[in-house]
Amino acid sequence: MSVIHKTTMAPTKVELLAAWLPTRSWYTATGGAPELERTGGFRLDDPEGEVGIEFLVVTDSSGAAAGSAPRGYLVPMTYRAAPLAGAEDALIGTSEHGVLGTRWLYDGAHDPVLVGQLTALLRGKAEPQMQSVSHTPDPSVTAVLDGTVADGTWAADPAAASVTDGADTTHIAFGAGDPVLCLCRVMGGGAQPPAGALGAVTAAWRSGDGARREPFAVVLPATR
């Protein structure tokens, strides 16, 4: 299970994301630097115990001066002890961890370990963990998958998946005819998955108007 070290990271995740988020197609520019706060998420375990996996929500309040409401963003992240080959474009940055040393932080949509564990969670074969407490499952995170989605669905090798960023989502596509994983990058879209969804992972985060529960990821029918 996840071990959360009570130590420092330099730069912090929030500091790295403040530089990285404005480069994303799903980030809404405010004219100023992002002002980020951690506002939710959960973790998953890597069965090999090598890669840290976190689904992190940060809220950006940089538009407040212009009258814009704070906006939440979902960033699934992985933490590695060495660079992930072929994932240079997915690198968020590196950080010095007070216990583990240099960590390479990646956008998890492009990391096959995170993608594999997300599909395992949807199949009921992985257990969500508390974001900031070691060895503690998070029962508030729910995963539902339509029974018509076969156990063999999705590529055996998540590294073969194709990843596409949109205006407010990221789609992870596997083989032809397979359902598509959709990460809900911009939070606040509603408490229910979209009509026709085949499954969803739902978790909590704190918005400007209080606590919310909504989909972090949904499973969509195959596009042909």
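Treat the numbers as computed from the prediction; the structure is a model and nothing was measured.

How each quantity is defined
Residues numbered from 1 in each chain as written. Predicted model: local features only at pLDDT ≥ 70, side-chain atom pairs only at ≥ 80, totals over all residues. Heavy atoms only, no water. Buried < 20%, exposed > 50% of the residue type's maximum accessible area, 1.4 Å probe, protein only. Helix = DSSP H or I, 4+ residues; strand = E, 2+ residues; numbered from the N terminus. Arc of directions from axis to C-beta. Contact = heavy atoms within 4.5 Å. Salt bridge = Lys/Arg side-chain N within 4 Å of Asp/Glu carboxyl O. Phe/Tyr/Trp six-rings, centres within 6.5 Å; stacked < 30°, edge-to-face > 60°. Core = buried A, V, L, I, M, F, W, Y, C linked by side-chain atoms within 4.5 Å. Polar contact = N/O pair within 3.5 Å; in protein donor to acceptor, adjacent residues only side chain to side chain.

Caption draft 1: Region of the structure containing helix α1 (residues 13–20). For α1, the full list of buried residues reads Lys 13, Leu 16, Leu 17 and Trp 20. The arc that holds every buried residue of α1, seen down its axis, measures 100 degrees, which confines them to one face. Where α1 is buried, its residues meet β1 (9–10), β2 (36–44), β3 (52–60), β4 (71–80), β5 (91–97) and β6 (101–107).

Caption draft 2: Structural context of the pattern of salt bridges. A complete count under the given rule lists six salt bridges for this structure. Taking the shortest distance from any N to any O, the salt bridge between Asp 107 and Arg 185 comes out at 2.9 Å. Placement of Asp 107 in strand β6 and of Arg 185 in the loop between β10 (180–184) and β11 (199–207) is noted, with a sequence separation of 78 residues between them. Residue Asp 107 shares its accessibility class with Arg 185, and that shared class is buried.

Caption draft 3: Fine view of the packing of aromatic side chains. Summed over the entire model, instances satisfying the criterion amount to five aromatic pairs. Chaining the aromatic ring pairs together yields one cluster made of Trp 20, Trp 26, Tyr 27 and Tyr 73.

Caption draft 4: Spotlight on the side chain of Asp 138. Mapped onto the secondary structure, Asp 138 falls in the loop between α2 (112–122) and β7 (142–145). For Asp 138, the residues in contact, after removing those within four places along its chain, are Gly 41, Phe 42, Pro 128, Gln 129 and Met 130.

Caption draft 5: Seen up close, the nonpolar core. The biggest cluster of nonpolar side chains holds 31 residues, and the ones touching the most others in it are Phe 42, Phe 55, Leu 118, Ile 172, Leu 181, Val 201 and Phe 216. For this core, the leading source of residues is α2, giving six residues. Contacts of Leu 181, omitting those with residues within four sequence positions, involve Val 115, Leu 118, Thr 119, Leu 122, Trp 154, Thr 170, His 171, Ile 172, Phe 174, Val 218 and Val 219. Counting residues in hydrophobic clusters, the runner-up holds 17 residues, among them Leu 16, Leu 36, Met 77 and Val 186.

Caption draft 6: Layout of α2. Taken across its 11 residues, α2 has nine buried, putting it largely inside the fold. Buried residues of α2: Leu 114, Val 115, Gly 116, Gln 117, Leu 118, Thr 119, Ala 120, Leu 121 and Leu 122, and no others. At the N-terminal boundary of α2, the capping side chain belongs to Asp 111, with an oxygen 3.0 Å from the backbone nitrogen of Val 113. Downstream of α2 by a residue or two, Gly 124 has a phi angle that is positive, lying close to 80 degrees.

Caption draft 7: Expanded view of the environment of His 135. Here His 135 lies in the loop between α2 and β7. Once the C-alpha coordinates of His 135 and Asp 45 are considered, the two residues, 90 residues apart in sequence, prove to be 9.9 Å apart.

The analysis is restricted to geometry; functional conclusions fall outside its scope.
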